[in-house]
Amino acid sequence: MRDRSMQQRLMVALDVDSRKKALAMRDAVGDSVGWLKVGLRLFVAEGPDLVRELKWGHKLFLDLKFHDIPNTVAQAIESAGSLGVDMVNVHAGGGEEMLAAAANAAKAFPNMKLIAVTVLTSDPMPKEQAREVALMRARMAQQAGLDGVVCSVHEAAAIKELCGNDFITVTPGIRWGGQDVQDQKRIADPASAIANGSDYLVVGRPILQAPDPAAAADEAVKMMESVAT
Ligand SMILES: O=c1ccn([C@@H]2O[C@H](COP(=O)(O)O)[C@@H](O)[C@H]2O)c(=O)[nH]1
């Protein structure tokens, strides 16, 4: 994946509370990022219509971390697939049967990537333990037929080693230049993310709260490029 342009590997988390703010942020970042991520806040506020509207011009990651009984999650995956999103996720804590049901439902949408959250980047568990759990869940997700995982940069290289380079790693918890860590626990900068095998970097507040969001995204891209082969 290292040959793709770094903008195409950068996802901005649209953690805002209205359609108006989401569209304004999309326009502000423009093609400095390849992906928009819609998470709980925006989806609960604006619903599927906005997801349909946002998916033109950027790739769309629907980050709702489904975690429920297998049948319910499979149905939610079908709904996400019908929305035409490019990526959707479940929480690996839902277990093997839930992951397999999700993967089975996703088969009807071959252009949509299905990934699983391993251990939240905000989880305070010790790093070694987080790594162990993340590796175990990544393997379980792969065996269930998923395309990849959400993990921190600290686990990305080990997951690639265990599951292979084609198994997607999406890494939030990105901070640089002394930025406020906020509620994140396992963080890394954009260059380290690329160096550790992250395929996609998720950046929220460092872009959303920047005086110039496109400049903040460009800064991240520059750091990503500094270690690209
Ligand atoms: O383990 C996880 C899974 C998802 N996220 C999401 O990524 C962004 C990060 O936002 P920042 O403002 O850059 O901290 C946010 O939407 C989370 O819901 C995560 O952080 N960690």
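About the criteria used
- Residues numbered from 1 in each chain as written.
- Predicted model: local features only at pLDDT ≥ 70, side-chain atom pairs only at ≥ 80, totals over all residues.
- Heavy atoms only, no water.
- Near = heavy atom within 4 Å.
- Polar contact = N/O pair within 3.5 Å; in protein donor to acceptor, adjacent residues only side chain to side chain.
- Areas by Shrake-Rupley, 256 points an atom, 1.4 Å probe, with all protein chains shown as cover.
- Helix = DSSP H or I, 4+ residues; strand = E, 2+ residues; numbered from the N terminus.
- Core = buried A, V, L, I, M, F, W, Y, C linked by side-chain atoms within 4.5 Å.
- Buried < 20%, exposed > 50% of the residue type's maximum accessible area, 1.4 Å probe, protein only.
- Contact = heavy atoms within 4.5 Å.
- Phe/Tyr/Trp six-rings, centres within 6.5 Å; stacked < 30°, edge-to-face > 60°.
- Lys NZ or Arg CZ within 6 Å of the ring centre and 35° of its normal.
- UniProt positions renumbered as here; feature names shortened; annotations may be inferred.

In the vicinity of the ligand lie 16 residues, with Asp-15, Lys-37, Thr-121, Gln-184 and Arg-205 positioned nearest. One of the side-chain nitrogen or oxygen atoms of Lys-37 is found 2.8 Å away from an oxygen atom of the ligand. Between the ligand and Gln-184, the relevant distance is 2.8 Å, taken from an oxygen atom to a side-chain nitrogen or oxygen of the residue. For the ligand, the protein covers 88% of the area, taking 460 Å² as the surface of the free molecule. For the shell around the ligand, the secondary structure elements donating two or more residues are strand 3 (59–66), strand 8 (200–203) and helix 9 (205–208).

Within the largest apolar cluster, 73 residues are counted, with the highest numbers of intra-cluster contacts made by Ile-77, Val-90 and Leu-99. For this core, the element with the highest residue contribution is helix 6 (residues 127–144), accounting for eight residues. Beyond its immediate sequence surroundings of up to four residues, Leu-99 is in contact with Val-90, Ala-92, Ala-116, Met-140, Ala-141, Ala-144 and Leu-146. With twelve residues, the next largest nonpolar core counts Met-11, Ala-13, Met-87 and Tyr-200 among its residues.

A few words on the packing of aromatic side chains. With the rule as written, the count across this model stands at one aromatic pair. Seen from their ring centres, Trp-35 and Tyr-200 are 5.3 Å apart, and the 65° between their planes marks the pair as edge-to-face. Note that Trp-35 is positioned in strand 2 (residues 35–38) and Tyr-200 in strand 8, a separation of 165 residues in sequence. Take Trp-35 and Tyr-200: they sit in the same class, and that class is buried. In this structure, Lys-55 is placed above the aromatic ring of Trp-56, and the distance from its NZ or CZ to the ring centre is 4.2 Å.

So, about the UniProt feature "domain: Orotidine 5'-phosphate decarboxylase" (unreviewed entry) in the chain. Those places that UniProt annotates as "domain: Orotidine 5'-phosphate decarboxylase" (unreviewed entry) correspond, in this numbering, to residues 9–220. Regarding residues 9–220, the helix share stands at 46% and the strand share at 17%, and the terminal C-alpha atoms are separated by 11 Å.

Moving on: unusual backbone geometry. Of note, the phi angle at Lys-65 is positive, near 50°, even though the residue is not glycine. Position of Lys-65 among the secondary structure elements: in strand 3. Since its relative accessible area comes to 29%, Lys-65 is described here as partly exposed. Of note, Gln-182 is a non-glycine position whose phi angle comes to about 55°, a positive value. Along the chain, Gln-182 turns up in the loop between strand 7 (168–171) and helix 8 (190–195).

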